[in-house]
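Analysis of the macromolecular model
Given next are the chains, with one letter for each unit.
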Amino acid sequence: MLSGPEGFKVCYALRLDFNASNNVAEYEALINGMLIAMKVGATDLEINSDSQLVISQITGAYHARDPTMQNYLTRVKAIEAELRSQGIMVRYQRIPREENEEADLLSRLSREELEQLPDEVYIQYINTPAFDKANTIMEIEKRRNWMTPYLEYLEKGKLPEDKAEAKKIAARAANYQTLRGTLYRRGKSSSWLRCVGPEKATRVMEEIHQGICGAHEGVGTLANKIFRQGYYWSTVKKETEEFVRRCDVCQRFGIPRVLISDNAKQFDYKTFKEFTTNMDIWHNFFSVAHPQTNGQTEVTNWAILQGLKKRLDGAKRNWADELNSILWAF
C-alpha cells in the first residue's frame, strides 16, 4: 500500500510464484514497495511494517543470521543507498498489525480473489526472489524504439527532422509523461501505464498469456489484461493478435477428424456431405437412444472423473477450480 499526501493511495498485490515463508513475503513486499515508490517519484519515504523481524534487522536491532535473510537485507540496503543518492529520505517504523489492516488483507487473498480485484489494484507476479534480480533499479532499453521520440521531446525538447512526424509526436505527447527516464502514458481505466519496448513487451505477453497464472485467452482478453497490469506499447493490439496466432497451445482447435451428429436434415444434406468430404472429416450418424453412443458418453464422463481425482489429490472441495484444466486436457 503506497500512500501519499492529500489522500493519494496506490494498492499493489504481489503474487509470489515460489516457496516463501512469512518473513520472505514481508521482505518481498518491502523491496517491491521501495522500487514502486522510486518509480512514482517519491521524495520522502516512510516505510511502515508490522514485521518486527524485518524492521529490527534493517535498523540493526537484530542480526540477520539466516543466509536468505542476509541476502534480502543486502538488497534493501542497496536500494536504500540508491534512494538516498537521489536525495530521497528513507525512514523505517514498526506499526501494530491492527494499523496495517488494508495491506494485511491483500496479503491473505487467494489466487481467485486476486483475479477479481478492481482495476485500481495492480497485481504483480513475482517469479524469483528480489535478491536474485539485477541491481539496476530502472530498466533502460538502449536501442531506439517507438518510445525514443517521445522521451527526446519531453526530456530534451527535441523533435524528429521529418515535419509530419514531428507534428504527430508533439500532438500526442500530451498523453505522455516521463519520470527518471521512464515513459508513462495516460490510461483509460488507470491513471498512468508504464511504456515498454519490444523485448519487455514480449516478456509481458508471455507471462500474462502462458505464465503461472495464464489461461491462454483470446486477443481481446490478453490486451485488456496487459492494460490492467499497468503496461502499454503503441502496437499492443497488433502484437497480441500475432502472439496468440504463434502460440502452439492456442492452435490445438483445428479441423476434427470425426464428427458425430443425429439424423437431422441439415446434417444429412448434399452441401454438408460435400463439406465433410472435402475437409476429410468422417461423419457418423447416431440416434438419441443409440446404446453405443450412450456408452461413449459414459466413457467420457469416466475419463473426466478420473482426471479430477488425479488433480485434486484429496482437495475435493476445489473440484470446480480444476474442471477447466481437466476438460482442456481431455
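Attention in this report is confined to the structure presented alongside it. (Residues numbered from 1 in each chain as written. Predicted model: local features only at pLDDT ≥ 70, side-chain atom pairs only at ≥ 80, totals over all residues. Heavy atoms only, no water.)

1. Digging into the packing of aromatic side chains
Applying the stated rule across the entire model yields 8 aromatic pairs. Judged by centre distance (5.4 Å) and plane angle (15°), the rings of Tyr27 and Tyr72 are stacked. One end of the pair, Tyr27, is in helix H1 (residues 22–39); the other, Tyr72, is in helix H3 (residues 67–85), and 45 residues separate them in sequence. Accessibility assignment for this pair places Tyr27 and Tyr72 in one class, buried. With a centroid separation of 6.3 Å and 25° between ring planes, the pair formed by Phe227 and Tyr232 is classed as stacked. (Phe/Tyr/Trp six-rings, centres within 6.5 Å; stacked < 30°, edge-to-face > 60°. Helix = DSSP H or I, 4+ residues; strand = E, 2+ residues; numbered from the N terminus. Buried < 20%, exposed > 50% of the residue type's maximum accessible area, 1.4 Å probe, protein only.)

2. Focus on H1
Relative to the 26 Å expected for 18 residues at 1.5 Å per residue, H1 spans 26 Å between its end C-alpha atoms, a close match to the ideal helical length. Within the span of H1, buried status applies to Val24, Tyr27, Glu28, Leu30, Ile31, Asn32, Met34, Leu35, Ile36, Ala37 and Met38. (Expected span 1.5 Å × (residues − 1).)

3. Examining helix H6 (residues 148–156)
For H6, every residue scored as buried is listed here: Thr148, Pro149, Tyr150, Leu151 and Glu152. Immediately downstream of H6, the backbone of Gly157 shows phi near 70°, a positive value.

4. Overview of the environment of Leu53
Mapped onto the secondary structure, Leu53 falls in helix H2 (residues 52–59). Relative accessible area serves as the criterion here: at 26%, Leu53 is assigned to the partly exposed category. In the structure, Leu53 is positioned 16 residues away from Met69 in sequence and 9.9 Å away in space, judged by C-alpha atoms.

5. Structural notes on the packing of helix H9 (residues 219–228) against helix H10 (residues 236–246)
The description of two packed helices rests on the angle between their axes and on the distance between the axes. It is at 9 Å that the axes of H9 and H10 come closest, and there the two elements cross at 130°. It follows from the interaxial angle that H9 and H10 lie oblique. By crossing handedness, the relation of H9 to H10 is classed as right-handed. Across the interface between the two elements, Val219, Leu222, Ala223, Ile226 and Phe227 from H9 touch Val236, Lys237, Thr240, Glu241, Phe243 and Val244 from H10. Its residues assigned to classes, the contact of H9 with H10 comprises 8 nonpolar, 1 polar and 2 charged. (Axes fitted to C-alpha atoms, helices over the stretch in contact; angles between N-to-C directions. Parallel < 35°, antiparallel > 145°, perpendicular 65-115°, else oblique. Left-handed = near helix turned anticlockwise from the far one by under 90°. Contact = heavy atoms within 4.5 Å. Nonpolar A, V, L, I, M, F, W, Y, C, P; charged D, E, K, R; others polar.)

6. Quick notes on the environment of Thr178
When you line up the elements, Thr178 lands in strand E6 (residues 176–179). Taking the C-alpha atoms as reference points, Thr178 and Arg194, 16 residues apart in sequence, are found 9.7 Å from one another. Setting aside its immediate chain neighbours within four residues, Thr178 contacts Leu151, Leu154, Glu155 and Leu183.

7. A word on the pattern of salt bridges
All chains considered together, the criterion is met by 7 salt bridges. Asp44 is the salt-bridge partner of Arg91, the closest N and O atoms lying 3.0 Å from each other. With Arg91 in strand E4 (residues 89–94) and Asp44 in strand E3 (residues 44–49), this residue pair connects regions lying 47 residues apart in the sequence. A relative accessible area of 38% means that Arg91 is categorised as partly exposed. The partner of Arg84 in a salt bridge is Glu80, with the nearest N and O atoms 3.0 Å apart. A residue pair is termed a helical-turn pair when its members lie 3 or 4 positions apart in one helix, as Arg84 and Glu80 do in helix H3 at 4 residues. Residue class for Arg84 comes out partly exposed when judged on its relative accessible area of 37%. Within this structure, Asp44, Glu46 and Arg91 form a network of salt bridges that share partners. (Salt bridge = Lys/Arg side-chain N within 4 Å of Asp/Glu carboxyl O.)

8. Brief notes about the sheet that holds E6
Reading across from one edge, E6-E7-E8-E9 is the order of the 4 strands in this open sheet, with mixed pairing throughout. On the outer flanks of this sheet lie E6 and strand E9 (231–232), each paired with one strand and no other. Examined bridge by bridge, E6 and strand E7 (residues 182–186) share 4 bridges and lie antiparallel to one another. What sits directly across from Tyr176, in E7, is Arg185. (Pairing = 2+ DSSP bridges.)

9. Describing the environment of Asp280
Structurally, the position occupied by Asp280 is in the loop between helix H11 (270–278) and strand E11 (282–285). When the C-alpha atoms of Asp280 and Arg257 are compared, they prove to be 7.1 Å apart, with 23 residues separating the residues in sequence.

10. Some thoughts on a nonpolar patch on the surface
Together, Val258, Ile260 and Trp282 give the surface a local cluster of nonpolar side chains, amounting to about 300 Å² of exposed area. Residue position: Ile260 is located in strand E10 (residues 258–261). (Patch = residues over 30% accessible without salt bridge, like charges linked within 9 Å, V, L, I, M, F, W, Y side chains within 5 Å. Areas by Shrake-Rupley, 256 points an atom, 1.4 Å probe, with all protein chains shown as cover.)

11. Comments concerning the pairing of E10
Taken together, the 4 bridges between E10 and E11 define a ladder with parallel strand orientation. Bridge pairing in E11 places Leu259 opposite His283.

12. Things to note about the nonpolar core
Counting residues in each nonpolar core, the largest one holds 30 residues, and the members touching the most others are Tyr27 and Met34. Those elements that provide at least two residues to this core are H1, E3, H2, H3 and E4. Among the elements that make up this core, the one with the highest residue count is H1 (9 residues). Residues Ile169, Tyr176, Val196 and Phe243 belong to the second largest nonpolar core, which totals 24 residues. (Core = buried A, V, L, I, M, F, W, Y, C linked by side-chain atoms within 4.5 Å.)

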